[in-house]
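Observations on the three-dimensional arrangement
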Amino acid sequence: QLQACGGGLVQAGASLRLPCAASGRTFSSYSMGWFRQAPGKVREFVAGISRSGAYTGYADSVKGRFTISRDNAKNTVSLQMNSLKPEDTAVYYCAADPTRTSYTNTEAEYEYWGQGTLVTVSS
């Protein structure tokens, strides 16, 4: 089970951190990803991280502004979002993939999903 939180309303240029807590004792065996869905748009990949945390990847739209990290001892994966823009407004989801060591940007490959947390960036 995944539980994402930390969303809220912020102004453009602000920072926000989204933690996602996972239950269970096998968190380190999952690669993790963050996705987002803006109003009227399809859900899109934001960032991914390998099981160990050694490898990360980002969508071009967030590269250099967002950082994904994980703490396997605490069963958490986080998304640090800096220099937020109005176009970052979306519901953000964390997701877990039990099948690969690294990460994928393909939504269908993720088996477990959190409930989503809303991030609203005002201009």
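Everything numeric in this text was worked out from a predicted model, so none of it was measured. (Residues numbered from 1 in each chain as written. Predicted model: local features only at pLDDT ≥ 70, side-chain atom pairs only at ≥ 80, totals over all residues. Heavy atoms only, no water.)

**Thoughts on the overall build of the protein chain**
Helices and strands together make up the secondary structure of the protein chain, namely zero helices and eleven strands. Put simply, the protein chain runs from its N terminus to its C terminus through helices and strands in the order β-β-β-β-β-β-β-β-β-β-β. With respect to the three principal axes, the spread of C-alpha positions in the protein chain is 40 × 25 × 25 Å. Within the protein chain, buried positions represent 41% of all 123 residues. Taking the intrachain contacts of the protein chain between residues at least 6 apart in sequence as the baseline, contacts between residues at least 24 apart amount to 59%. Carbon and sulfur atoms make up 48% of the accessible area of the protein chain, which amounts to about 6200 Å² in all. (Helix = DSSP H or I, 4+ residues; strand = E, 2+ residues; numbered from the N terminus. Buried < 20%, exposed > 50% of the residue type's maximum accessible area, 1.4 Å probe, protein only. Contact = heavy atoms within 4.5 Å. Areas by Shrake-Rupley, 256 points an atom, 1.4 Å probe, with all protein chains shown as cover.)

**Focus on the sheet that holds strand β1 (residues 2–4)**
Spatial ordering of the open sheet is given by β1-β3-β8-β7, a layout of four strands whose pairing is antiparallel. Looking along the sheet, the strands with just one partner apiece sit at the ends: β1 and β7 (66–71). Looking at each pair of strands side by side, their axes are set apart by 15° on average, direction ignored. (Pairing = 2+ DSSP bridges. Axes fitted to C-alpha atoms, helices over the stretch in contact; angles between N-to-C directions.)

**Quick notes on the state of the cysteines**
Taken as a whole and assessed by the stated rule, the structure comprises one disulfide. Lacking any disulfide linkage, Cys5 is separated from the closest cysteine sulfur, that of Cys20, by 8.2 Å. Judged by its relative accessible area of 39%, Cys5 falls in the partly exposed class. (Disulfide = S-S within 2.5 Å.)

**Quick word on the environment of Ala21**
In this structure, Ala21 sits in strand β3 (residues 16–22). Relative accessible area serves as the criterion here: at 37%, Ala21 is assigned to the partly exposed category. Along the primary structure Ala21 and Thr120 are separated by 99 residues, whereas in three dimensions their C-alpha atoms are 21 Å apart. Sequence-distant contacts of Ala21, defined by excluding residues within four places in its chain, comprise Gln1, Leu2, Gln3, Asn75 and Thr76.

**Considerations on the pairing of strand β5 (residues 44–49)**
Here β5 lies mainly inside the structure; five of its six residues are buried. Alignment of strand β4 (residues 31–37) against β5, held across five bridges, turns out to be antiparallel. Bridge pairing in β5 places Arg36 opposite Glu44. Turn length for the β4-β5 hairpin, with the two strands adjacent in sequence and antiparallel, is six residues, and the turn residue Gly40 shows positive phi of about 75°. Here β5 runs beside strand β6 (residues 56–58); their pairing, made up of three bridges, is antiparallel. Bridge assignment links Gly48 to a residue of β6, and that residue is Gly57. Counting the residues that bridge the hairpin from β5 to β6 gives six residues, and of these Gly53 lies at a positive phi of roughly 90°.

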